[in-house]
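# Working through the structure, step by step
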Amino acid sequence: MNPEHPNGLHHVTAICGSAQRNLDFYAGLLGLRLVKRTINFDDPGTYHLYYGDGTGRPGTILTFFPWAHAARGRRGAGEVSVTAFSVPAASLGWWADRLAAAKVPATRGDGSFGDGATLRFADPDGMMLELVADDAAPAGEAWPGSPVPGVHALRGFQRVYATVAQGEGTSRLLTEVLGFSLHGEEGNVARFVAAASEGQAGRFIDLTIEPLDRPGSSGAGTVHHIAWRTPDDAMQVALRERLLGLGYQVSPVMERNYFRSIYFREPGGVLFEVATDGPGFADDEPQESLGQDLKLPPWLEGKRAQIEAALPALRMPS
Ligand code: ZN
């Protein structure tokens, strides 16, 4: 095994409209913990909200850029079309009832690649989500403050579905550069599994090949990028060098405070990031109070008053 190979998903980042509506849905209904309340470092007038399990482990982190007036994105090729979380198999019925009570329409599916049954539904911005019955998923650290009992808690990502018009370039990147293995093929879907990811959340990417004639467009309800995890800075730099050598346009290493990141677009059009596991979300506030206060990176702390004044107030769901 090559140590530069990512070991699965680190986080998924999407775009939403109202920040409060997003918080009510992900923390209030789905029971994720808001593990970081910060701003988009590249657009300081916008929140960056991070949700995760009790400690925000890599593989459980879903983040949003809320743009109150964002138009809805359009589905198409070159995007992550569905983001799936694991839940215990015995909890799927409980989730069906919870979603129904909240008037969120959900469709039951049989699962693919030997997975358990699924529930598919959309968030308030139309982002497609799925819960997969998966007793093999690591239990992780449930958040005691969640409105969802720990036994039913989401256990991090099970997979993402990426839709691309042609699969060959993406397949080769995944297997020849990033160390994934082809796990199986069903119809027009190929599943890849990350290297050395046994027992971890976010092991799979399901590549759906659809000869769509139009690319997806970014907007509310769409995934902006997905991040793969790498254990440390040295591995990240080694992977960056490798990608550059293959002709990829790769960003410099970006300081994201809770991890460091590089970005590049894969051949099918999906924006990939590779993020370090550390230092993590308890780097600038105590574990017990993650997500309660607005945190700014040191270089923007001097503008706190202006930044706070421009952001909408947020109220934690009861
Ligand atoms: Zn990211």
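It should be noted that the structure appears before, not after, this text.
Here's a quick rundown of the structure. Note on numbering: residues in each chain are counted from 1, in written sequence order. This being a predicted model, a pLDDT of at least 70 is required before a residue's local features are given, and a value of 80 or more before pairs of side-chain atoms are given or counted; all residues contribute to the totals for chains, interfaces and linings. Computation of side-chain values covers all heavy atoms of the structure but excludes hydrogens and water.

## Thoughts on helix H3 (residues 168–177)
Residue burial is assigned from relative accessible area. The probe radius is 1.4 Å, only protein chains are included, and a residue is buried under 20% of its type maximum, exposed over 50%, and partly exposed in between. Put simply, DSSP marks the helices as runs of H or I at least four residues long and the strands as runs of E at least two long, and each gets a number from the N terminus on. Those residues of H3 not exposed but buried are Thr-170, Leu-173, Leu-174 and Val-177. The buried residues of H3 occupy an angular sector of 115° when the element is viewed end-on, so they sit on one face. Looking at the buried residues of H3, the elements they touch are strand S9 (157–164), strand S11 (189–193), strand S12 (204–209), helix H4 (233–245), strand S15 (260–265) and strand S16 (271–276). Positive backbone phi, at 85°, marks Gly-179, one or two positions downstream of H3. Relevant arc is that of directions from the helix axis to the C-beta atoms, nothing else. Whether two residues touch is decided by their heavy atoms; if any such pair falls within 4.5 Å, the residues are in contact.

## With respect to the coordination of the zinc ion
Summarising the metal site, the zinc ion is bound by the protein donors His-11 (NE2), His-225 (NE2) and Glu-273 (OE), whose distances to it range over 1.9 to 2.0 Å. Only nitrogen, oxygen and sulfur atoms qualify as donors, provided they sit within 2.8 Å of the metal or within 3.2 Å for Na, K and Ca; with water excluded from the atoms, sites may seem incomplete. Spacing between the donor residues of the zinc ion along their common chain follows H-x213-H-x47-E. With a gap of 262 residues between them, His-11 in strand S1 (residues 9–16) and Glu-273 in strand S16 connect regions that are remote in the sequence. Judged on exposure class, the residue His-11 and its partner Glu-273 are both buried.

## Here we look at empty space enclosed by the protein
Throughout, the protein atoms alone are placed on a 1 Å grid, and a set of points is a cavity if a 1.4 Å probe fits but cannot get out or a pocket if it is open with protein on both sides within 12 Å along at least five of seven lines; lining residues have an atom within 4 Å of a point. Grid points are joined across faces, edges and corners, and a volume is the space filled by probe spheres set on the points. Scanning the model with the defined rule gives 2 cavities of 30 Å³ or more in all. Space inside the largest cavity adds up to approximately 110 Å³. Along the wall of the largest cavity there are 16 residues; nearest its centre are Gly-31, Leu-32, Gly-52, Asp-53 and Leu-154. For this classification, Asp, Glu, Lys and Arg are treated as charged, while Ala, Val, Leu, Ile, Met, Phe, Trp, Tyr, Cys and Pro are nonpolar and the rest, including Gly, are polar. Looking at side-chain class alone, the lining of the largest cavity contains 6 nonpolar, 6 polar and 4 charged residues. If you add up the space inside the second largest cavity, you get close to 70 Å³. Around the second largest cavity, the lining residues are Arg-75, Glu-79, Val-80, Ser-81, Val-82, Thr-83, Met-127, Met-128, Gly-221, Thr-222 and Val-223. The dominant element in the lining of the second largest cavity, judged by the number of residues it contributes, is strand S5 (residues 79–87), at 5 residues. A per-class count over the lining of the second largest cavity returns 5 nonpolar, 4 polar and 2 charged.

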